[in-house]
Each structure stands twice: as structure tokens, then as C-alpha cells.
Amino acid sequence: MDELIFKAARQLSQSKYAIALTGAGMSTESGIPDFRGPNGVWTKNPDAERQAYQSYYKFQQDPKAYWIERMTGLSWLKDFSSARPNPGHLALVALEKTGILKCVVTQNIDNLHQKAGSQRVLDYHGNLFLLRCYHCDARFDPSEYDLPELLARDELPPCCKKCNGVLKSDVVHFNEAIPPDVAQASLEEVERCDLMLICGTSATVYPFAMLPRMAAEKKDKRKMTIIEINAEPTPLTREGISDYFIEGKTGVILPRIAGEVKK
Ligand code: APR
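Nothing here was measured: the structure is a model prediction, and the numbers come from that model.

Conventions and cut-offs
- Residues numbered from 1 in each chain as written.
- Predicted model: local features only at pLDDT ≥ 70, side-chain atom pairs only at ≥ 80, totals over all residues.
- Heavy atoms only, no water.
- Near = heavy atom within 4 Å.
- Polar contact = N/O pair within 3.5 Å; in protein donor to acceptor, adjacent residues only side chain to side chain.
- Areas by Shrake-Rupley, 256 points an atom, 1.4 Å probe, with all protein chains shown as cover.
- Nonpolar A, V, L, I, M, F, W, Y, C, P; charged D, E, K, R; others polar.
- Domains from an automatic or database assignment.
- Buried < 20%, exposed > 50% of the residue type's maximum accessible area, 1.4 Å probe, protein only.
- Helix = DSSP H or I, 4+ residues; strand = E, 2+ residues; numbered from the N terminus.
- Pairing = 2+ DSSP bridges.
- Expected span 1.5 Å × (residues − 1).
- Contact = heavy atoms within 4.5 Å.
- Salt bridge = Lys/Arg side-chain N within 4 Å of Asp/Glu carboxyl O.

Student: Explanation requested: the site of the ligand in the structure shown.
Tutor: In the vicinity of the ligand lie 23 residues, with E29, F35, R36, T201 and S202 positioned nearest. The contact in question runs from a nitrogen atom of the ligand to an N or O atom on the backbone of G25, over 3.4 Å. If the ligand stood free it would expose 730 Å²; the protein chains cover 94% of that surface. When the residues that make up the shell around the ligand are grouped by side-chain class, the tally is six nonpolar, 12 polar and five charged. No fewer than three residues from each of domain 1 (1–32 + 84–128 + 178–263) and domain 2 (33–82 + 130–169) sit in the shell around the ligand.

Student: Explain the pairing of strand β8 (residues 225–230) to me, please; I cannot follow it from the model alone.
Tutor: Each regular strand displays side chains that alternate between the two surfaces of the sheet. Summarising burial for β8: six of the six residues are buried, a large majority. A two-sided burial pattern is seen for β8, the buried positions comprising T225, I227 and I229 on one face and I226, E228 and N230 on the other. Two elements, strand β7 (residues 195–199) and β8, share five bridges in a ladder whose sense is parallel. Among the inter-strand pairings, M196 is bridged to a residue of β8, identified as I226. One ladder, built from four bridges, connects β8 with strand β9 (residues 244–247); its direction is parallel. Following the sheet pairing, I229 is matched in β9 by I246.

Student: It is not clear to me how helix α11 (residues 250–262) should be interpreted in this structure. Could you clarify?
Tutor: The α-helix winds at 3.6 residues per turn, so residues separated by three or four positions along the chain end up facing the same way. Compared with an ideal rise of 1.5 Å per residue, which puts 13 residues at 18 Å, α11 spans 18 Å between its outermost C-alpha atoms and is within 8% of the ideal. Looking only at α11, the buried set comprises T250, G251, I253, L254, I257, A258 and V261. Residues of α11 that are buried sit in contact with α1 (2–14), α5 (87–97), β7, β8 and β9.

Student: Can you walk me through the pattern of salt bridges in this structure?
Tutor: Between side chains of opposite charge, pairing is possible as soon as their charged atoms come close. Across all of its chains, the model carries 15 salt bridges by this definition. With a closest N to O distance of 2.9 Å, E189 and R120 form a salt bridge. Here R120 lies in the loop between α6 (112–116) and β3 (121–123) and E189 lies in helix α8 (residues 180–192), a separation of 69 residues in the sequence. By relative accessible area, E189 is classed as buried at 4%. On the accessibility criterion, R120 (33% relative accessible area) is partly exposed. Several salt bridges converge on common partners, so that one network encompasses R132, D137, R139, K168, D170, E176 and D181.

Student: Would you explain the environment of P87 in this entry?
Tutor: Assignment of secondary structure puts P87 in helix α5. Separated by 167 residues in the primary sequence, P87 and L254 have C-alpha atoms spaced 7.8 Å apart. With residues up to four places along the chain from it excluded, the contact list for P87 reads G251 and P255.

So this is what it looks like as C-alpha cells:
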């Protein structure tokens, strides 16, 4: 393990454009359960996953009912506002501050990378603390709307201040397209990077899981290092997409790597 920590620190220090791809495993040490790990939300409650697969369809069929469900607490989307960043998030901030880490592309909707201080974060699956217009993709802070008042006055769903379209959560639901701006920006980051840290993800959900595979294709053309940090091996490990796999907690391993880089 130690030699892999030192190797990762050395390769990060020598990289020209390192990015991190993160998943729910980054946030379990902040008290937010992941989905497919031993205590994952889907692992423990498969029905919750089936319900989540219905969210987007429900929104399209009846935006008002979607909003009432979200606001009356029946939604699987819980309020993570009390969660705090953990040492894994802070280690990525430290790597960004050294100028080594250029971007975090996260599947997490919990806003913990931003709360930790990461400046360049792409919320690939959206952000629980934002609303997005279904028609023009404009994003709004929920504080711009008095949602409880709209609920009380039976005036849901909230409408876009730009195009008057219906708003939904910025969270990307199953079967919903990745917002074009984030999808494009993520592809550009993958194209630019020469080192990819993949932290705390089972790498089983597409199209996000395509990003490491696209990076691996660049290996033939030029130097490209893919380092996986996860509690358990994933398809990326088994398929040899990652150059090496550091087993363990992101909240422990990332600070050790960042500490070695600083030396
Ligand atoms: N440190 C390292 N790895 C961890 C930790 C930790 N502290 N905690 C959990 N893990 C690992 C788990 O073993 C698992 O392999 O992180 C991985 C998390 O995988 P998932 O639960 O599948 O989460 P993720 O990959 O982010 O899921 C992708 O699926 O449900 C959708 O939209 C949702 O964004 C999510 C997407």
C-alpha cells in the first residue's frame, strides 16, 4: 500500500493536468450512505432504487405531483445540508491548491466538494442544492423561489425565470440526459488530462463510467495514468482500465497522497 501511495504522489507531482472522478464512496465518511456498497441505499432497499428509476418519468408525467412528493418528504432524495466534507474532500482541495488537480468530475449530488472548497467541480449527476429548467437548462438557487408558499397556494411546479418552463431538481435522474454543458465540459477535461484519479465509485453507471474508458484509450497515443482508489475492486480494476488500484478509504488514502505530494 505505502509504495502505491508514494507512486501516486510522484505521478501526481509529475502530471501536467490531473483530474479526479468521484462517486458516493467519497461521502460515506461524511455520513452519507453510498448506493451499492455493503450498506448502500440500493443494497439495503432495492425498492428505493426502483422508485428512483421512476422519478424522471413521474416528473415528465406530472411535474406538480413530483414537486409535492419532493416537498412532503416522500422523495428518496434526502436533505444532505447537515453533512460536512471529510478529509478525502479536503485532500482534493489541497491538491487543487498546489495547481496539480485541475478539476473534480463528481457523480455526487451532495455539494460536499464545493463545501470543502474545490473551485472547479463538474456535477455530472447534478446538484441537490440547485433547480434546473426542464426546457432551457437554466439553473437557479432554490432560495430564489418561495417553494413552501407555492406548495401552500397550490401553485407548484416552480417556473423558469428565463423561459417560464417547468423547473425540476438539478439532480439527474435515471434515464435523464446529463445536462449538455456538464457533459461537454467533462469530455473536455478527460481529453485534456494526463492523470485521472478515480475515487469512491463502483464505476457501473453510464455514461459516467465511459469517462475512464475514454481516458484509457488515450494511453496508446500518449502518457496517461489512471489511478483507482476504492474500498473494493471495480470493473475498471478487473478490465485493467486503471493502471493500479489502491484499496481502502478515500478519507484515509487521499490525505496520505496529498501529504506526500506536499513534501
Ligand atoms: N472509501 C473508498 N471507497 C468507498 C468508501 C470509502 N469511504 N465507501 C464506499 N466506497 C466504495 C464502495 O465500495 C463502492 O464501490 O465506493 C463505491 C460506491 O459505489 P456506488 O454506491 O455504486 O456509488 P457510485 O459509483 O457513486 O454510483 C453512481 O449511481 O445510483 C446512481 O446516481 C447515482 O451517482 C450515483 C451513481
